[in-house]
Amino acid sequence: MNTFRKRILESINNENLQTALDNNTERRLKGRAAAFESIPDWRERRLRANKIRADVIDNLDAYLEKFIAKNEANGVIVHRAKDAAEAIQIVLNIAKESPQSRGVRGENQKESSRKVLVAKSKSMVSEEIALNHALEKENIEVIETDLGEYIVQLRHERPSHIITPAAHLKKEQVAELFHEKLGIPYTTDIPTLTATARKVLREVFLTADIGLSGVNFGVAETGGVCIITNEGNGRMVTTLPPIHIALMGMERIVPNLDDLALMLSLLPRSATGQKLTVYTQLLHKPIQNQTRHLVILDNGRTRLRNSPLKESLYCIRCGACLNACPVFRELGGHAYIGSDLSIAPYPGPIGSVISPGLLGENYVQLAQASSLCGACKDACPVNIDLPKLLTRVRAGQATEERGKKKEEGAGLTSTTRFGLQMYTRIATHPRLFAASQKLAALTFSLFAPFSQWIRLPAFTGWGYSKDFPKFAGKTFRERYKGKHGGRETSIQVDKFAGEQVGRFEGEQVGKFESEPVSQFIHELTALSGHVYQTTNATKDIIEFLKTRNINKIHLEPNVLDENFLREVGIEFTHPNPTRRSLSG
């Protein structure tokens, strides 16, 4: 955990990184907001998408069986891989059996020295299983053809973002990289840089023995493999080489083409701020003289499906939660490291759930890098409750097996865990908690008699950048008692168990003499609330909305006269009853 903190501090203090992250975030958030303006019913769409993804994960075996059968009927060779090692071996076997006589890569190279060349489109699953490294160890050359992926490959780095792999770099850094690696004069002119990459990669497309791609969605109804890109490299690697390998996580299924259309209305808007990506492919049968292999990977997904983190499998890999997360926006993807210092293949809020969920305890500490503010849930196009999942990872539920629950506080240092356990013991015993408040106030008054702040040592983590206000000399209970003339409730009741858990001295509060409505108004007003009494709620609310130029609301059923609302042009939506029952 200390090393994790060290990496976090390095990222925060890296000026180039902070500039690059700020530029990327601002562009993505503005683009997403503008793109979603064109679909006013996006809230309803994300609820429908959530329902579809939930259905797929609940019935995954049946959908996979149908999807595989359709692919085999289409002439695709389907492989099932239970883990990373098996998936890598499948790809290696295909590569070793491939013919190496498809053209000459360069006039100055001898055919006898030629390696098998793999032209690779973007695939996060390949990052998950470290495929490139495994192929290179077997003397197979792999070239990334997505521009961002190609840049980080030249730098020997992992992608720092699910959608924009080089989001951590400024154009000046890319210019220096191309100058050193590709031998061009230093320039920050973006068209020149992209033209240089295009020239190099075009030769790769034309001479590759194997094209390897990821899969955005698999359509169970038709067996179609959907791949979306913006640079056209996806089309190149799936059509030009004699062999195409599609690498797919087993959860990336949609039932039919209508459901695919819904996902495609949400994914590009959330990922890149586009209404639709430039290239949207739907592959069925291999083209003439081509062999297509589909590798469907488990690698912990079955375990995740049967765990409290099941909802994380709804993810469609848009990266919106990364752009929305205030922590990721300050750190970037390379700060998300495991206990072995390896960079997690999936960073950000969703990565902090699926990285430990798929790859084990090495990455459980990532869930601590979250404020649980809920911005990730608001941004998610399939309405995944990421804050809930992050707290489950923290509670040790990411690596549960066979009903054996791990120790709570996953990812915390032993010192922090001990401190929280002690706090829990004190806070659940009212008299002990009251005594500890007085003791804390006295203790810190002695150490800092003239300051209103408590300065904790840097080694505590919190103390590195934060000061705490000094404990109050009088507790809230004492102040309340003085303000209300000694009146105080005599007992405290555990609302879950319904049992008395403590007794306090003081005068018992009698029953309110006023009616319940008056009591409610009194309490709400005390909390700065506003109460409007009316005899016609629908009419008065319509007038209220019109004064503020509001013409669309979210409405609980059977509250207002909905026909009247329609007559005056007020649009409304209802909560999703299925979602409510699941979360209730």
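Keep in mind it's a predicted model, so treat the numbers as computed, not measured.

With parallel pairing, 6 strands are arranged side by side in an open sheet as β1-β10-β7-β4-β2-β3. Taken across any chain shown, the strands that pair with only one partner, and hence form the sheet edges, are β1 (77-81) and β3 (141-144). Across the sheet, the mean angle from the axis of one strand to that of its neighbour is 20 degrees, orientation sign disregarded. With 7 bridges connecting them, strand β7 (residues 243-249) and strand β10 (residues 291-297) associate as parallel partners. Its bridge partner lying in β10, Gly 249 is registered against Leu 297.

With that settled, consider the packing of aromatic side chains. Applying the stated criterion across every chain, the model contains 2 aromatic pairs. Each ring, one from Phe 36 and one from Trp 42, has its centre 5.7 Å from the other, and the planes form 65 degrees; the classification is edge-to-face. If you follow Arg 252 out to its NZ or CZ, it ends over the ring of Phe 217, 5.7 Å from the centre. The side chain of Arg 317 reaches across the aromatic face of Tyr 346, ending 4.9 Å from its centre.

With that out of the way, let us pick up the sheet that holds strand β8 (residues 253-254). Reading across from one edge, β8-β5-β6-β9 is the order of the 4 strands in this open sheet, with mixed pairing throughout. With partners counted over all chains shown, the strands left at the sheet margins are β8 and β9 (279-283), one partner each. Bridge analysis of strand β5 (residues 217-219) against β8 gives 2 bridges, and the strand direction is parallel. Across the sheet, the residue bridging to Gly 218 is Ile 253, located in β8. Strand contacts of helix α12 (residues 257-272): β5, β6 (225-229), β8 and β9, with the helix running at about 160 degrees to β5, the strand carrying the most contacts.

Ranked by size, the top nonpolar core spans 106 residues in total, and within it Phe 217, Ile 253 and Leu 294 carry the most contacts. Broken down by element, this core gets its largest block of residues, 8 residues, from helix α5 (residues 84-96). Those residues in contact with Ile 253, other than ones at most four positions away along the chain, are Arg 53, Val 56, Leu 60, Tyr 63, Leu 64, Phe 67, Gly 218, Ala 220 and Met 248. In terms of nonpolar packing, the next biggest core, distinct from the first, is built from 20 residues, Leu 117, Ala 119, Ala 166 and Leu 201 among them.

Tallying each qualifying case throughout the model produces 12 salt bridges. Glu 10 serves as the salt-bridge partner of Arg 7, at 3.9 Å between the closest nitrogen and oxygen. Of the two residues, Arg 7 and Glu 10 are both situated in helix α1 (residues 2-12); the distance of 3 residues between them amounts to about one turn of the helix. On the basis of relative accessible area, Arg 7 is assigned to the partly exposed category, the value being 24%. Classification of Glu 10 as partly exposed rests on a relative accessible area of 43%. With its nearest N and O atoms 3.0 Å apart, the salt bridge here joins Lys 30 to Glu 26. Here Lys 30 and its partner Glu 26 are both found in helix α2 (residues 15-36), 4 residues apart, which amounts to about one turn of the helix. By relative accessible area, which is 44% here, Glu 26 ends up partly exposed. A single network of salt bridges, built from pairs that share partners, joins Glu 128, Glu 251, Arg 301 and Arg 317.

Our next topic: the pairing of β7. For β7, the tally of buried residues reaches 7 of 7 residues, placing the bulk of the element in the interior. Of the two faces of β7, the one lined by Ile 243, Ile 245, Leu 247 and Gly 249 and the one lined by His 244, Ala 246 and Met 248 are each fully buried. As paired elements, strand β4 (residues 210-213) and β7 share 4 bridges and run parallel to each other. When the sheet's bridge partners are listed, Leu 212 is paired in β7 with Ile 245.

As a further point, take the packing of α2 against α12. Look at α2 against α12: their axes get within 7 Å of each other, and the N-to-C directions meet at 150 degrees. The angle between α2 and α12 falls in the class roughly antiparallel. Note on element contacts: α12 touches α2 through Leu 266, Arg 269, Ser 270, Ala 271 and Thr 272, opposite Arg 28, Arg 32, Ala 35 and Phe 36. A breakdown of the residues in the contact of α2 with α12 according to their chemical character gives 4 nonpolar, 2 polar and 3 charged.

The residue Gln 18 is located in helix α2 in this model. Of note is the side chain of Gln 18, whose polar atom sits 2.6 Å from the backbone oxygen of Glu 330. Leave out the neighbours within four places in its chain, and Gln 18 touches Ser 11, Ile 12 and Glu 330.

So, how was this worked out
- Once a new chain begins, its residue numbering starts again from 1 and follows that chain's sequence as written.
- Residue-level local features of this predicted model are given only where pLDDT is at least 70; pairs of side-chain atoms are given and counted only at 80 or more, and the full residue set underlies all totals for whole chains, interfaces and linings.
- Excluded from the side-chain calculation are hydrogens and water; included are all heavy atoms of the structure.
- In this scheme, strands are said to pair when DSSP sees at least two bridges between them.
- A run of H or I in DSSP counts as a helix once it spans at least four residues, and a run of E counts as a strand once it spans at least two, with each numbered from the N terminus.
- Axis definition: a line fitted to C-alpha atoms, limited for helices to the stretch in contact. Angles are taken between N-to-C directions and run from 0 to 180 degrees.
- Stacked, edge-to-face and tilted are the three classes for Phe, Tyr and Trp ring pairs, Trp counted by its six-membered ring, which pair at centre distances within 6.5 Å; planes under 30 degrees apart are stacked, over 60 edge-to-face, the rest tilted.
- Ring-over charges, as used throughout, are those where CZ of Arg or NZ of Lys falls within 6 Å of the ring centre and within 35 degrees of the ring normal.
- When checking whether two residues touch, look at their non-hydrogen atoms; a contact exists if any pair is within 4.5 Å.
- Among buried residues, the Ala, Val, Leu, Ile, Met, Phe, Trp, Tyr and Cys ones that are joined through side-chain atoms within 4.5 Å form a nonpolar core.
- Each residue gets one of three labels from its accessible area relative to the maximum for its type: buried under 20%, exposed over 50%, partly exposed in between, using a 1.4 Å probe on protein chains only.
- Note on definitions: salt bridges are taken to be side-chain nitrogens of Lys or Arg within 4 Å of carboxyl oxygens of Asp or Glu.
- Just so you know how the angles are binned, under 35 degrees is roughly parallel, over 145 roughly antiparallel, 65 to 115 roughly perpendicular, and the rest oblique.
- Classification used: nonpolar for Ala, Val, Leu, Ile, Met, Phe, Trp, Tyr, Cys and Pro, charged for Asp, Glu, Lys and Arg, polar for all others including Gly.
- Residues adjacent in sequence count toward polar contacts only when both atoms are side-chain atoms; beyond that, a polar contact is any pair of N or O atoms within 3.5 Å, and within protein one must be able to donate a hydrogen and the other to accept it.

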